[in-house]
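Summary of the model geometry
The chain contents come next:
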Amino acid sequence: MTKVNENLTYDRLMEKLKTYLNETDLKQIEEAYQFASLCHEGETRLTGDDYMEHPLNVAYILAEINADGATICAGLLHDVLEDNRVTKEELEEKFGHEITSLVDGVTVINKLSFSGEKEAILANHRKILVGLSEDVRVIIIKLADRLHNMRTLWVIPEKSQKEKAKETLDILVPIASRLGMNSFKSELEDLCLRYMKPDIYFGIVEQLNQTKAERDKSVRDMIQAVSKLLDDAGIKFKIKGRAKSIYSIYKKLDKGKKFSDIYDLLALRVYVDTEHDCYQALGIIHGTFKPMPKRFKDYIAMPKTNMYQSLHTTVFGVDEHIFEIQIRTYEMDQIAEHGIASHWSYKEKGSVKANLQNAMEQKLQFFRSIMELKEQNASDEEFVKTVQNEVLKENVYVFTPNGDVIELPTGSTPIDFAYRVHSNIGDKMVGAIVNGSIVPLDYVLQNNDVVKINTNKNSVGPSKEWMNIAHTSQAKNKIKAYFNRIDKDENLKNGEELLTKELRKRKIAFNDFLNSENVEKLLAEFKYNTLDELMINIGNNKLSVSQVINQILNENTSKEDFVLKKATSGRSVSTAVRDDVIVEGIDKLRVNVASCCKPVPGDNIVGYITKGNGISVHRSICPNISSLEERIIPVHWNEHTQKKYPTTLLIHAMDGKNVLLEIIAKTANTDILIQSINTLNSSDHFLYELNVLVEDKDKLQKFMNDIDQLPHILDVERIVK
Ligand code: MN
């Protein structure tokens, strides 16, 4: 990558772009340049340069990775939306939707501030990472933007330099690395080190300079020797000495190595035409220069998950110097340097965005992990933590029996492997075989392990213990999801039972308690969407029954206690009149007609003072109340009421022929209204549940007698649940 372009001009940019873009693109880029220049007219950077120097450099960095026309335009325009120099609408009118949305994406990311509240930082990181899923070109422009800013970082105060550098190293460098954009990554790393640890950085530079002449000579000698070998074998190649990045040297020193001990400071790279030539060149080099044991890596047969391919070897070279040699094709080199961005160079059909996005989704496993996390509704903190620990950190690479590479965070187990492959494999897993041997499920996977998961379709599913063994949040979430599914039905049943029991204890009918008004209140209070959800949470003990009941009852409790006191003190109190039921001594208290025995006027009734749900009116024969209870108070019907009351009849019949018709006919000359008829299951006779509205007990009794007279009717009774 070309470093600082101090004299970068528009002409030089165009010269570069002409090598790979067509006239239409170039014309639009010209317009973008003119428009941006106009927008930034009179502005200068802190460096004292014309402001356009910055967008021009960003566009040039993008041109060096053969970015498409829209991306170059967006690079030139990337700062024009900031501070509302221009509106989105104006930009869209001039340059269309694609370019505008790229510029807008970069502007959104640039607005995020990385210092300040922890929550804000987390939310911002999340936006960047998720931004990858919208259009990866936004992130590539952002990386180019940051690269140029880092190149000119000297201009800002030291404290800000360190902050910017740290943010770059923490967030942008891992992303560049994961996108396979090594040229960006290694330049950014060196710049970060320079501003974060200037002493170390300049110390390394000095040592490199002191040994430069000597190293250059060794490299020249080795290039000559290797070239001769390859020429003799008739292989077409190019060969280059390769400078190690300062950051990579720093990492080795940081691990305790001495500068003089870093033996791969001498490095060569060989470029050939075909994959076959790579292996042939390797064999020829090893034939003359002895390879160092365990230093050979075949990333051609087993590419890294960021698509990197190359052969790496370390040999004892000329004058007993140790050389690191990389051998790759030109195409592999494009991918190694530019990663995802190398797809710009392939002439593929379809839109540029779709191709890049497609490559990313297919080839970069980390991207899938981000997509999955996004769907799991994790909190910002969880999301960013997981991405940083599991997606952007060092990983182990293991294989399926078919040779597919699976990437997992270090510390992962066969359980993580199984769930990474597929939820079903995880759920049906019964054991694991690694490199041909059975291993326990808490075995920690090592690089290059070949992992086979044994499944059994009759497996009863994962064990809860697996939650403690699994390392990745993906596996843990999937195990949790499994148990949530299984537990759901059971918890629902359990919740209903618990609530029924407690309500019965308090003498409140289930249906009374869960009237629509109360249900609405409960869902709002406990923040659930459905009654089932509420029951499930009672069932799994996340919510206590009394918490739920008290939520409804509390508002009435004190008043009821007062009534209870009065009712049991034996003193006469004034009589209050409610519409249909008169409760002695009570004023403005909720009175409900119980749904278990459904009393109608004329029935002997009693009131029951519930613990907080008002007074519930039952028939005196109702088994749900015991007359010994001190909470029972006398009530009677208001004789002036004209209302109809719901009640339920159970009708037993011998056969079903016309029975229902005859029953309905019997209502003809009465005031009785049939609300609904249900046919209930009964093995030896017919059973109908009849819900009716009736004015009083006499009318009901007459109706029941009428039905009883009908042929085929065995019995008619009122229901008490
Ligand atoms: Mn910028």
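Residues numbered from 1 in each chain as written. Predicted model: local features only at pLDDT ≥ 70, side-chain atom pairs only at ≥ 80, totals over all residues. Heavy atoms only, no water.

1. So, the packing of aromatic side chains
A complete count under the given rule lists eight aromatic pairs for this structure. Arranged with centres 5.0 Å apart and planes meeting at 85 degrees, the rings of Tyr201 and Phe202 form a pair that is edge-to-face. A relative accessible area of 13% places Tyr201 in the buried class. Ring geometry for Trp637 and Tyr645: centres 5.3 Å apart, planes at 70 degrees, overall edge-to-face. In this arrangement the basic side chain of Arg85 is found over the ring face of Tyr51, its NZ or CZ atom lying 6.0 Å from the centre. (Phe/Tyr/Trp six-rings, centres within 6.5 Å; stacked < 30°, edge-to-face > 60°. Buried < 20%, exposed > 50% of the residue type's maximum accessible area, 1.4 Å probe, protein only. Lys NZ or Arg CZ within 6 Å of the ring centre and 35° of its normal.)

2. As for the coordination of the manganese ion
Binding of the manganese ion to the protein goes through His54 (NE2), His78 (NE2) and Asp145 (OD), at separations of 2.2 to 2.3 Å. Counting gaps between the donor residues of the manganese ion yields the pattern H-x23-H-x66-D. Of this pair, His54 sits in helix 3 (residues 53–64) while Asp145 sits in helix 7 (residues 136–151); the two residues are 91 residues apart in sequence, bridging distant segments of the chain. By the burial criterion, His54 is buried, and Asp145 matches it. (Donors = N, O, S within 2.8 Å, 3.2 Å for Na, K, Ca; no water. Helix = DSSP H or I, 4+ residues; strand = E, 2+ residues; numbered from the N terminus.)

3. Details of the packing of helix 7 against helix 9 (residues 182–196)
Running from amino to carboxyl end, helix 7 crosses helix 9 at an angle of 35 degrees, the nearest separation of the two axes being 10 Å. Regarding helix 7 and helix 9, the two cross each other, and that crossing is left-handed. Contacts from Ile140, Leu143, Ala144, Arg146, Leu147, Met150 and Arg151 in helix 7 reach Phe184, Glu187, Leu188, Leu191, Cys192 and Tyr195 in helix 9. The class makeup of the residues in the contact of helix 7 with helix 9 is 10 nonpolar, no polar and three charged. (Axes fitted to C-alpha atoms, helices over the stretch in contact; angles between N-to-C directions. Left-handed = near helix turned anticlockwise from the far one by under 90°. Contact = heavy atoms within 4.5 Å. Nonpolar A, V, L, I, M, F, W, Y, C, P; charged D, E, K, R; others polar.)

4. A short note on the environment of Leu680
Along the polypeptide, Leu680 turns up in strand 18 (residues 673–680). C-alpha of Leu680 to C-alpha of Leu650: the two residues are 30 residues apart in sequence and 9.6 Å apart in space.

5. Observations regarding the environment of Leu193
Within the secondary structure, Leu193 is located in helix 9. Taking the C-alpha atoms as reference points, Leu193 and Ile246, 53 residues apart in sequence, are found 8.4 Å from one another. Apart from residues no more than four positions distant in its own chain, Leu193 is found in contact with Pro198, Tyr201, Ile246, Tyr247 and Tyr250.

6. Focus: the nonpolar core
Ranked by internal contacts, the top residues of the largest apolar core, which has 77 residues, are Leu17, Leu62, Leu77, Leu143, Met181 and Phe184. If sequence neighbours within four positions are ignored, Leu17 has contacts with Leu26, Ile29, Ala63 and Ile72. The next biggest cluster of nonpolar side chains, apart from the first, holds 29 residues, and it includes Ile605, Val617, Ile663 and Ile672. (Core = buried A, V, L, I, M, F, W, Y, C linked by side-chain atoms within 4.5 Å.)

7. A word on the pairing of strand 8 (residues 429–434)
Here strand 8 runs beside strand 10 (residues 451–455); their pairing, made up of five bridges, is antiparallel. By the bridge assignment, Ile433 is partnered in strand 10 with Lys452. Hairpin remark: strand 8 followed by strand 9 (residues 437–439), antiparallel, with two residues in the connecting loop; positive phi at Asn435, about 50 degrees. (Pairing = 2+ DSSP bridges.)

8. A short note on unusual backbone geometry
It is generally the case that most residues other than glycine have a negative phi and that most peptide bonds are trans. Of note, the phi angle at Lys527 is positive, near 60 degrees, even though the residue is not glycine. In this fold, Lys527 is placed in the loop between helix 23 (516–526) and helix 24 (531–539). Phi is positive for Lys598, which is not a glycine, with a value near 45 degrees. By the secondary structure assignment, Lys598 is in the loop between strand 13 (591–593) and strand 14 (605–609).

9. Description of the pattern of salt bridges
Using the criterion set out here, one finds 29 salt bridges in the structure. Of the charged contacts, one joins Arg85 and Glu43 as a salt bridge, the two residues approaching to 2.8 Å between their closest N and O atoms. One end of the pair, Arg85, is in the loop between helix 4 (69–77) and helix 5 (88–111); the other, Glu43, is in the loop between helix 2 (23–39) and helix 3, and 42 residues separate them in sequence. Asp221 is paired through a salt bridge with Lys217; the nearest N and O atoms lie 2.8 Å apart. (Salt bridge = Lys/Arg side-chain N within 4 Å of Asp/Glu carboxyl O.)

10. Considerations on the pairing of strand 4 (residues 311–316)
Among the six residues of strand 4, five are classified as buried, and the element is accordingly described as predominantly covered. The pairing of strand 3 (residues 297–298) with strand 4 spans two bridges and is antiparallel. Opposite Lys297, over in strand 4, you have His312 as the bridge partner. Bridge analysis of strand 4 against strand 5 (residues 322–329) gives six bridges, and the strand direction is antiparallel. Within the sheet, the bridge partner assigned to Leu311 lies in strand 5 and is Ile327.

11. Observations concerning helix 5
For an α-helix, 3.6 residues make a turn, and residues three or four places apart therefore share a direction. Helix length check: helix 5 (24 residues) gives 15 Å between terminal C-alpha atoms against 34 Å at 1.5 Å per residue, more than 12% under. If you look at helix 5, its biggest bend is around 130 degrees, right at Gly96. Along helix 5, the residues that are buried comprise Leu91, Phe95, Ile99, Thr100, Leu102, Val103, Gly105, Val106, Thr107 and Ile109. (Expected span 1.5 Å × (residues − 1). Bend = angle between axes of the 7 residues up to and from the residue.)

12. Topic: the sheet that holds strand 4
One open sheet accounts for five strands, arranged 1-2-5-4-3; its pairing is mixed. In this open sheet, the two edge strands, each paired with only one partner strand, are strand 1 (237–241) and strand 3. Pairing of strand 1 with strand 2 (residues 267–272), which is carried by five bridges, proceeds in the antiparallel orientation. Paired with Ile239 across the strands is Val270, a residue of strand 2. On the sheet, helix 11 (residues 212–232) packs against strand 1, strand 2, strand 4 and strand 5 and is oriented at approximately 165 degrees with respect to strand 1.

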